[in-house]
Amino acid sequence: MRTHIVWDWNGTLFHDMEAVLGASNAAFATIGVGPMTMEEYREQYEIPIPRFYQRLLGRMPSDAEWLQLDDAFHDRYRELSGACGLTDGAVELLSGWRAAGHSQSLLSMYEHEKLVPVVDGFGLTPHFLRVDGRSGPAGGQKAGHLTRHLAALGEHVDPARTVLIGDAADDALAALNAGAHAVLYTGGSHTRAKLEPVGVPVVDSLAEAVELAGRIAA
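## Examining the overall build of the chain
Consideration 1: When helices and strands are tallied, the chain shows 10 helices and 8 strands.
Consideration 2: With the C-alpha coordinates of the chain rotated into their principal frame, the extents come out at 50 × 35 × 30 Å.
Consideration 3: Every one of the 218 residues in the chain was classed for burial, and the buried ones make up 48%.
Consideration 4: By sequence separation, contacts in the chain at least 24 residues apart represent 65% of the contacts at least 6 residues apart.

Here you go:
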């Protein structure tokens, strides 16, 4: 059976951290929290997102505040993300992995109906067996989504020979919960210091991540 990679999108294949920061600062303004620098954001950010906001506020946001935060974030993200591109080398890595006879899919916590046209717009859809975005409320964790994603891929993908490549500790926790492996990339939402305690390999480039994936799940 082939080695399979499940790719994360935001902060991994899609280099959108500037848009994420701008959208986050727009959301913070709705609850009276001042703007962050990129370094501050990456040091503070965590999933599930309500816990991130709880840290900033000193309490859990109310339901009304959560809706304000979520709406402000996504409104601003839509404005900014159009200027973002793929992470350097992403297309070549996807093409090379596919050409080597392996399989890959995409799983994101970005809303499914918004994710699919963006991925297709970059011409990436043919590289993936499946593209899944989030269904249901925003702000949750990836574990349940990954379990459903792997189940939908069926018997041709073995979790024991699957590696999730992502930029957040939550990606690794989801993979471990599903019986898969994980490699975490430092170019997205989390600093290396926040990723290393999870106990999975941490790398500074997607090329390193793919090379490791091939060895881990061989």
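## Considerations on empty space enclosed by the protein
Consideration 1: Scanning all chains against the criterion turns up 1 cavity of 30 Å³ or more.
Consideration 2: In this model, the largest cavity occupies a volume close to 620 Å³.
Consideration 3: As for the largest cavity, its lining consists of 33 residues, and the residues nearest its centre are Asn-10, Tyr-45, Ile-49, Phe-73 and Met-109.
Consideration 4: Residue assignment for the lining of the largest cavity shows that the elements contributing at least two residues are α1 (17-29), α3 (49-57), α4 (63-81), β4 (103-111) and α8 (169-177).
Consideration 5: In terms of residue class, the lining of the largest cavity is made up of 16 nonpolar, 8 polar and 9 charged.

## Brief notes about unusual backbone geometry
Consideration 1: The amide bond that connects Ile-47 to the next residue, Pro-48, takes the cis arrangement and shows omega of 5 degrees.
Consideration 2: Tracing the chain through its elements places Pro-48 in the loop between α2 (38-44) and α3.

## Considerations on the packing of helix α7 (residues 143-153) against α8
Consideration 1: In the contact formed by α7 and α8, the axes pass within 8 Å of each other and the chain directions differ by 50 degrees. With respect to each other, α7 and α8 are oriented oblique. Handedness of the crossing formed by α7 with α8: right-handed. Where α7 approaches α8, its residues Ala-143, Leu-146 and Thr-147 are matched on the opposing element by Ala-174, Ala-175 and Asn-177.
Consideration 2: Here the contact of α7 with α8 is built from residues that sort into 4 nonpolar, 2 polar and no charged.

## Considering the pattern of salt bridges
Consideration 1: Following the criterion strictly, the structure yields 12 salt bridges and no others.
Consideration 2: Here Glu-46 and Arg-51 are joined by a salt bridge, their closest N and O atoms 2.9 Å apart.
Consideration 3: In this structure Glu-46 comes out as buried when scored by relative accessible area, which is 14%.
Consideration 4: Owing to a relative accessible area of 39%, Arg-51 belongs among the partly exposed residues under this scheme.
Consideration 5: Ionic pairing is found between Arg-192 and Asp-204, a salt bridge with its closest N-O pair at 3.0 Å.

Conventions we followed
Residues numbered from 1 in each chain as written. Predicted model: local features only at pLDDT ≥ 70, side-chain atom pairs only at ≥ 80, totals over all residues. Heavy atoms only, no water. Helix = DSSP H or I, 4+ residues; strand = E, 2+ residues; numbered from the N terminus. Buried < 20%, exposed > 50% of the residue type's maximum accessible area, 1.4 Å probe, protein only. Contact = heavy atoms within 4.5 Å. 1 Å grid on protein atoms, 1.4 Å probe; cavity = no way out; pocket = protein on both sides within 12 Å on 5 of 7 lines; lining within 4 Å. Points joined across faces, edges and corners; volume = space filled by probe spheres on them. Nonpolar A, V, L, I, M, F, W, Y, C, P; charged D, E, K, R; others polar. Axes fitted to C-alpha atoms, helices over the stretch in contact; angles between N-to-C directions. Parallel < 35°, antiparallel > 145°, perpendicular 65-115°, else oblique. Left-handed = near helix turned anticlockwise from the far one by under 90°. Salt bridge = Lys/Arg side-chain N within 4 Å of Asp/Glu carboxyl O.

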